Amino acid sequence: MQTVSALCQGQSAFLPVVRQPEISEHVRRLILSGPPTRDQLGRIVFNELYQLFLTMPDDEANSLSALLSGWKASGLTLDQMAEASRRDALECSILFKSALRRMMNLFVGSPDQFPFLSRLLIGRQSSLSKTAETTRKLLQTGLTLHDIASKRHLAVSTIEDHLVELTLKKVNHWLSDYLSTACEQQIMNVADHLKTRQLKPIKNHLGERVSYFQIRLALAKNAVSGRKVVRINEQ
(Lines give C-alpha, C1' and ligand atoms only; values in the text may rest on other atoms or scores of the structure.)
Protein backbone atom coordinates (compact mmCIF):
# COMPACT_ATOMS: atom_id res chain seq x y z
CA MET A 1 0.00 0.00 0.00
CA GLN A 2 2.78 2.39 0.85
CA THR A 3 4.57 1.70 -2.44
CA VAL A 4 1.46 2.03 -4.59
CA SER A 5 0.42 5.20 -2.77
CA ALA A 6 3.85 6.78 -3.30
CA LEU A 7 3.93 5.84 -6.99
CA CYS A 8 0.47 7.32 -7.54
CA GLN A 9 1.83 10.58 -6.06
CA GLY A 10 4.72 10.51 -8.53
CA GLN A 11 7.24 9.51 -5.88
CA SER A 12 9.63 6.64 -6.54
CA ALA A 13 11.85 7.20 -3.49
CA PHE A 14 10.55 6.98 0.07
CA LEU A 15 11.42 5.55 3.47
CA PRO A 16 9.69 2.14 3.73
CA VAL A 17 7.87 1.15 6.92
CA VAL A 18 9.15 -2.41 6.46
CA ARG A 19 12.91 -2.76 6.13
CA GLN A 20 13.27 -6.40 5.21
CA PRO A 21 15.08 -6.89 1.88
CA GLU A 22 13.15 -10.03 0.92
CA ILE A 23 9.83 -8.24 1.37
CA SER A 24 10.99 -5.16 -0.54
CA GLU A 25 12.19 -7.35 -3.41
CA HIS A 26 8.93 -9.30 -3.50
CA VAL A 27 6.92 -6.05 -3.66
CA ARG A 28 9.24 -4.64 -6.33
CA ARG A 29 8.77 -7.69 -8.55
CA LEU A 30 5.02 -7.58 -8.04
CA ILE A 31 4.83 -3.90 -9.01
CA LEU A 32 7.00 -4.39 -12.08
CA SER A 33 4.81 -7.25 -13.28
CA GLY A 34 1.63 -5.20 -12.82
CA PRO A 35 -0.20 -2.65 -15.00
CA PRO A 36 1.93 -0.37 -17.20
CA THR A 37 0.83 2.93 -15.62
CA ARG A 38 0.70 4.12 -12.04
CA ASP A 39 -2.90 5.28 -12.35
CA GLN A 40 -3.98 1.84 -13.54
CA LEU A 41 -2.07 0.24 -10.70
CA GLY A 42 -3.72 2.52 -8.17
CA ARG A 43 -7.22 1.81 -9.48
CA ILE A 44 -6.67 -1.96 -9.46
CA VAL A 45 -5.33 -1.99 -5.90
CA PHE A 46 -8.11 0.31 -4.70
CA ASN A 47 -10.85 -1.80 -6.30
CA GLU A 48 -9.46 -5.08 -4.96
CA LEU A 49 -9.02 -3.64 -1.46
CA TYR A 50 -12.57 -2.27 -1.58
CA GLN A 51 -13.93 -5.70 -2.49
CA LEU A 52 -11.76 -7.29 0.19
CA PHE A 53 -13.06 -4.99 2.94
CA LEU A 54 -16.66 -5.68 1.85
CA THR A 55 -16.15 -9.36 2.77
CA MET A 56 -15.05 -8.50 6.32
CA PRO A 57 -16.97 -7.49 9.44
CA ASP A 58 -16.53 -3.75 10.02
CA ASP A 59 -14.31 -4.25 13.06
CA GLU A 60 -11.87 -6.43 11.11
CA ALA A 61 -11.86 -4.13 8.07
CA ASN A 62 -11.21 -1.09 10.27
CA SER A 63 -8.38 -2.83 12.13
CA LEU A 64 -6.65 -3.90 8.92
CA SER A 65 -7.05 -0.55 7.16
CA ALA A 66 -5.82 1.37 10.22
CA LEU A 67 -2.44 -0.37 10.04
CA LEU A 68 -1.88 0.39 6.35
CA SER A 69 0.60 3.14 5.46
CA GLY A 70 0.37 5.46 2.48
CA TRP A 71 2.10 8.51 1.08
CA LYS A 72 2.76 10.82 4.05
CA ALA A 73 0.36 8.72 6.12
CA SER A 74 1.78 6.22 8.58
CA GLY A 75 -0.33 3.29 9.69
CA LEU A 76 -1.08 2.86 13.38
CA THR A 77 0.66 0.39 15.63
CA LEU A 78 -1.56 -2.03 17.55
CA ASP A 79 -1.04 0.01 20.73
CA GLN A 80 -2.03 3.21 18.91
CA MET A 81 -5.08 1.47 17.46
CA ALA A 82 -6.12 0.33 20.93
CA GLU A 83 -5.84 3.87 22.26
CA ALA A 84 -7.68 5.42 19.30
CA SER A 85 -10.53 2.90 19.38
CA ARG A 86 -10.68 2.65 23.20
CA ARG A 87 -10.27 -1.10 22.94
CA ASP A 88 -8.09 -3.55 24.78
CA ALA A 89 -4.77 -4.18 22.99
CA LEU A 90 -5.45 -7.93 22.91
CA GLU A 91 -8.79 -7.39 21.19
CA CYS A 92 -7.09 -5.20 18.56
CA SER A 93 -4.49 -7.90 18.00
CA ILE A 94 -7.16 -10.59 17.63
CA LEU A 95 -9.21 -8.47 15.19
CA PHE A 96 -6.12 -7.75 13.10
CA LYS A 97 -5.02 -11.38 12.99
CA SER A 98 -8.55 -12.46 12.15
CA ALA A 99 -8.63 -9.95 9.27
CA LEU A 100 -5.28 -11.21 7.98
CA ARG A 101 -6.45 -14.83 8.16
CA ARG A 102 -9.67 -13.98 6.31
CA MET A 103 -7.70 -12.08 3.67
CA MET A 104 -5.26 -14.94 3.08
CA ASN A 105 -8.07 -17.50 2.88
CA LEU A 106 -9.80 -15.36 0.25
CA PHE A 107 -6.59 -14.94 -1.74
CA VAL A 108 -6.07 -18.71 -1.74
CA GLY A 109 -9.70 -19.65 -2.35
CA SER A 110 -10.72 -16.88 -4.77
CA PRO A 111 -7.58 -15.69 -6.59
CA ASP A 112 -9.66 -14.67 -9.64
CA GLN A 113 -11.50 -12.14 -7.49
CA PHE A 114 -8.20 -10.60 -6.36
CA PRO A 115 -5.84 -11.23 -9.29
CA PHE A 116 -3.26 -8.64 -8.26
CA LEU A 117 -3.29 -8.68 -4.45
CA SER A 118 -3.46 -12.49 -4.27
CA ARG A 119 0.05 -12.54 -5.72
CA LEU A 120 1.32 -11.03 -2.48
CA LEU A 121 1.15 -14.52 -0.98
CA ILE A 122 4.50 -16.25 -1.32
CA GLY A 123 2.95 -19.68 -0.97
CA ARG A 124 4.01 -20.76 2.48
CA GLN A 125 2.11 -21.13 5.70
CA SER A 126 2.43 -18.41 8.30
CA SER A 127 4.94 -19.35 10.95
CA LEU A 128 5.46 -18.62 14.60
CA SER A 129 7.90 -15.98 15.71
CA LYS A 130 11.30 -17.47 16.52
CA THR A 131 10.94 -16.76 20.22
CA ALA A 132 7.48 -18.38 20.40
CA GLU A 133 8.83 -21.39 18.51
CA THR A 134 11.60 -21.74 21.10
CA THR A 135 9.01 -21.68 23.87
CA ARG A 136 6.94 -24.30 22.03
CA LYS A 137 9.89 -26.66 21.87
CA LEU A 138 10.59 -26.22 25.59
CA LEU A 139 6.93 -26.88 26.39
CA GLN A 140 7.26 -30.21 24.61
CA THR A 141 9.99 -31.22 27.04
CA GLY A 142 7.56 -30.87 29.96
CA LEU A 143 8.94 -27.67 31.44
CA THR A 144 6.56 -25.35 33.29
CA LEU A 145 6.11 -21.69 32.34
CA HIS A 146 8.28 -20.64 35.28
CA ASP A 147 10.95 -23.16 34.27
CA ILE A 148 10.96 -21.84 30.71
CA ALA A 149 11.09 -18.23 31.88
CA SER A 150 14.04 -19.02 34.15
CA LYS A 151 15.86 -21.00 31.47
CA ARG A 152 15.41 -18.23 28.88
CA HIS A 153 16.00 -15.36 31.33
CA LEU A 154 12.61 -13.88 30.46
CA ALA A 155 9.62 -12.73 32.49
CA VAL A 156 6.84 -15.26 32.99
CA SER A 157 4.47 -12.75 31.36
CA THR A 158 6.60 -12.91 28.20
CA ILE A 159 6.27 -16.70 28.10
CA GLU A 160 2.53 -16.27 28.58
CA ASP A 161 2.54 -13.97 25.53
CA HIS A 162 4.16 -16.78 23.56
CA LEU A 163 1.41 -19.20 24.60
CA VAL A 164 -1.25 -16.73 23.47
CA GLU A 165 0.56 -16.52 20.11
CA LEU A 166 0.64 -20.32 19.91
CA THR A 167 -3.10 -20.38 20.58
CA LEU A 168 -3.78 -17.83 17.84
CA LYS A 169 -1.79 -20.04 15.45
CA LYS A 170 -3.82 -23.08 16.61
CA VAL A 171 -0.76 -24.72 18.16
CA ASN A 172 -2.65 -25.47 21.36
CA HIS A 173 -2.39 -29.18 22.17
CA TRP A 174 -1.00 -28.12 25.59
CA LEU A 175 -3.87 -25.70 26.28
CA SER A 176 -5.74 -27.91 28.74
CA ASP A 177 -2.76 -27.68 31.11
CA TYR A 178 -3.56 -23.99 31.67
CA LEU A 179 -7.22 -23.61 30.67
CA SER A 180 -9.82 -26.25 31.49
CA THR A 181 -12.95 -26.58 29.37
CA ALA A 182 -15.07 -25.45 32.33
CA CYS A 183 -12.89 -22.38 32.90
CA GLU A 184 -12.97 -21.47 29.21
CA GLN A 185 -16.75 -21.77 29.09
CA GLN A 186 -17.10 -19.64 32.22
CA ILE A 187 -14.94 -16.90 30.73
CA MET A 188 -16.76 -16.88 27.40
CA ASN A 189 -20.17 -16.87 29.10
CA VAL A 190 -19.17 -13.76 31.04
CA ALA A 191 -17.66 -12.14 27.93
CA ASP A 192 -20.90 -12.72 26.02
CA HIS A 193 -23.02 -11.54 28.95
CA LEU A 194 -21.01 -8.33 29.31
CA LYS A 195 -20.79 -7.93 25.51
CA THR A 196 -17.08 -7.21 25.73
CA ARG A 197 -13.74 -8.79 24.93
CA GLN A 198 -11.81 -6.44 27.22
CA LEU A 199 -9.81 -8.16 29.93
CA LYS A 200 -10.49 -5.95 32.93
CA PRO A 201 -14.33 -6.12 32.97
CA ILE A 202 -14.20 -9.92 32.60
CA LYS A 203 -11.60 -10.22 35.38
CA ASN A 204 -13.57 -7.89 37.67
CA HIS A 205 -16.67 -10.05 37.17
CA LEU A 206 -14.91 -13.37 37.79
CA GLY A 207 -12.45 -12.20 40.43
CA GLU A 208 -9.85 -14.65 41.68
CA ARG A 209 -11.55 -17.59 39.99
CA VAL A 210 -9.53 -16.92 36.81
CA SER A 211 -6.29 -15.20 35.89
CA TYR A 212 -5.71 -12.61 33.19
CA PHE A 213 -3.63 -15.24 31.41
CA GLN A 214 -6.57 -17.67 31.30
CA ILE A 215 -8.85 -14.93 29.97
CA ARG A 216 -6.38 -14.15 27.19
CA LEU A 217 -6.10 -17.83 26.28
CA ALA A 218 -9.89 -18.26 26.18
CA LEU A 219 -10.40 -15.17 24.01
CA ALA A 220 -7.59 -16.18 21.65
CA LYS A 221 -8.90 -19.73 21.28
CA ASN A 222 -12.44 -18.60 20.55
CA ALA A 223 -11.25 -15.92 18.13
CA VAL A 224 -9.56 -18.43 15.86
CA SER A 225 -12.50 -20.84 16.14
CA GLY A 226 -14.75 -18.23 14.57
CA ARG A 227 -16.69 -17.12 17.62
CA LYS A 228 -18.09 -13.65 17.13
CA VAL A 229 -16.13 -10.76 18.64
CA VAL A 230 -18.58 -8.22 20.03
CA ARG A 231 -18.04 -4.57 19.33
CA ILE A 232 -17.61 -2.54 22.49
CA ASN A 233 -17.12 1.11 23.33
CA GLU A 234 -16.76 1.13 27.10
CA GLN A 235 -13.44 1.09 28.93
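Up top is the structure these notes are about.
All of the points below concern the structure found in this document.

Conventions adopted
- Residues numbered from 1 in each chain as written.
- Predicted model: local features only at pLDDT ≥ 70, side-chain atom pairs only at ≥ 80, totals over all residues.
- Heavy atoms only, no water.
- Salt bridge = Lys/Arg side-chain N within 4 Å of Asp/Glu carboxyl O.
- Helix = DSSP H or I, 4+ residues; strand = E, 2+ residues; numbered from the N terminus.
- Buried < 20%, exposed > 50% of the residue type's maximum accessible area, 1.4 Å probe, protein only.
- Phe/Tyr/Trp six-rings, centres within 6.5 Å; stacked < 30°, edge-to-face > 60°.
- Lys NZ or Arg CZ within 6 Å of the ring centre and 35° of its normal.

So, about the pattern of salt bridges. Tallying each qualifying case throughout the model produces seven salt bridges. A salt bridge links Arg102 to Glu60; the nearest nitrogen and oxygen atoms lie 2.7 Å apart. You can see Arg102 sitting in helix α6 (residues 89-109) and its partner Glu60 sitting in helix α4 (residues 58-66), a full 42 residues away along the chain. Of the charged contacts, one joins Lys203 and Glu208 as a salt bridge, the two residues approaching to 3.9 Å between their closest N and O atoms. Note on Glu208: relative accessible area 76%, which makes it exposed. The network of salt bridges with common partners includes Asp59, Arg87 and Glu91.

This part is about unusual backbone geometry. The phi angle of most residues is negative, glycine excepted, and most peptide bonds adopt the trans form. Of note, Lys72 is a non-glycine position whose phi angle comes to about 55°, a positive value. Within the fold, Lys72 resides in the loop between α4 and α5 (78-85). Residue classification places Lys72 among the exposed residues on the basis of a relative accessible area of 74%. One non-glycine residue with positive phi stands out, namely Arg86, at about 60°. Here Arg86 lies in the loop between α5 and α6.

Using the criterion set out here, one finds four aromatic pairs in the structure. A centroid spacing of 5.5 Å and a plane angle of 55° characterise the contact between Phe107 and Phe114, whose relative ring orientation is tilted. With a centroid separation of 6.1 Å and an interplanar angle of 65°, the aromatic rings of Tyr178 and Phe213 are classed as edge-to-face. On the criterion of sequence distance, the pair formed by Tyr178 in the loop between α9 (156-168) and α10 (181-194) and Phe213 in helix α12 (residues 212-224) is long-range, its members being 35 residues apart. Look at Phe213 and you get buried, because its relative accessible area is 8%. Feature note: the residues Trp174, Tyr178 and Phe213 constitute an aromatic cluster, connected by ring pairs. Across from the ring centre of Tyr212, 5.6 Å away, lies the NZ or CZ of Lys203, which sits over that ring.

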